[in-house]
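Single-letter residue listing:
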Amino acid sequence: MIINIKRVGNGSPVWTLLHQQPIMPPHAQEQPFYKTMTQTEQTARRLPRSGRGTSSKCEQILQSAGQLFLQQGYERTSMSQIARMAGVSKGSLYNHFENKADLFTAFFEERSRTRLNTLKSVSRAPQPDLRTALRQAAATIITLMIDPEAIGLYRIVVAEANEFPNLADTLWHYGVSRTLTGLAEWFADKHATGQLVIRDIDLAAEQFLTMCQTRIIHRSRLSLPVDTSQTSIDGVASMVADSFLKMYAP
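Residues numbered from 1 in each chain as written. Predicted model: local features only at pLDDT ≥ 70, side-chain atom pairs only at ≥ 80, totals over all residues. Heavy atoms only, no water.

(A) Up close: the environment of V197. Its location among the elements puts V197 in the loop between helix 9 (165-192) and helix 10 (201-212). Under the relative-accessibility criterion, V197 is labelled partly exposed at 47%. Once the C-alpha coordinates of V197 and M247 are considered, the two residues, 50 residues apart in sequence, prove to be 8.7 Å apart. With sequence-adjacent residues up to four places away left out, V197 is seen in contact with H191, Y248 and P250. (Helix = DSSP H or I, 4+ residues; strand = E, 2+ residues; numbered from the N terminus. Buried < 20%, exposed > 50% of the residue type's maximum accessible area, 1.4 Å probe, protein only. Contact = heavy atoms within 4.5 Å.)

Rendered as structure tokens:
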């Protein structure tokens, strides 16, 4: 999904050449930047996933693990503690999850899926105009990212990723990368219909997500004083929408 503007021998950008032929939209020509399989993806493909998301015991384990991770951090939380809080034996715990890294990934994936579904519903809902849709998407991103659980998980990754690289990999794959992919697909559709003119779809997605983190999210992550009222969120979201349209409106 990356739209790279490459130069050919005569110096003309590939983007111009693509528009001279009735082929697929440029956004669909290349693979997304995250398609190289990460450690998280490799682990997920190796491990049996039957029952996840449907087993009440599995959900109980995930809930207990998440509570301990947020309270104690990743390193200080043990599989024994998780089993004890979940009310299951360690044998039962290991039947569901191979190790602590697998368990953290499953918990993060579950939480991310819920948040991303919320964002998708906003981008797919009919809106009176594109600015309103962009503003509501930005407000949704801000609200989701300043949720106490989201802040807590982000702090765990930042604090312990140097010792446990799989944490950063999990955050990127199930959080950042999937959010960017969803935004890129949305913007590609708007580009195809002429509502936006974007030469690099994935860069535009990163710009949008970065602008959403202005003021409120950065300060919230650092526990600095900041106004998180709906009025404040809407103000930042409006700035994001207006700035984005200044860059990419036809």
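(B) Representation of the packing of aromatic side chains within the structure. Under the definition given, this model contains 10 aromatic pairs. Relative to F164, the ring of Y74 lies with its centre 4.9 Å away and its plane at 65°, an arrangement referred to as edge-to-face. A residue pair is termed long-range when its members are at least 10 positions apart, and Y74 in the loop between helix 3 (56-72) and helix 4 (79-86) and F164 in the loop between helix 8 (148-160) and helix 9 qualify at 90 residues. F164 carries the same exposure label as Y74, and that label is buried. Taken together, a centroid distance of 5.3 Å and an interplanar angle of 85° make the contact between F208 and F244 edge-to-face. (Phe/Tyr/Trp six-rings, centres within 6.5 Å; stacked < 30°, edge-to-face > 60°.)

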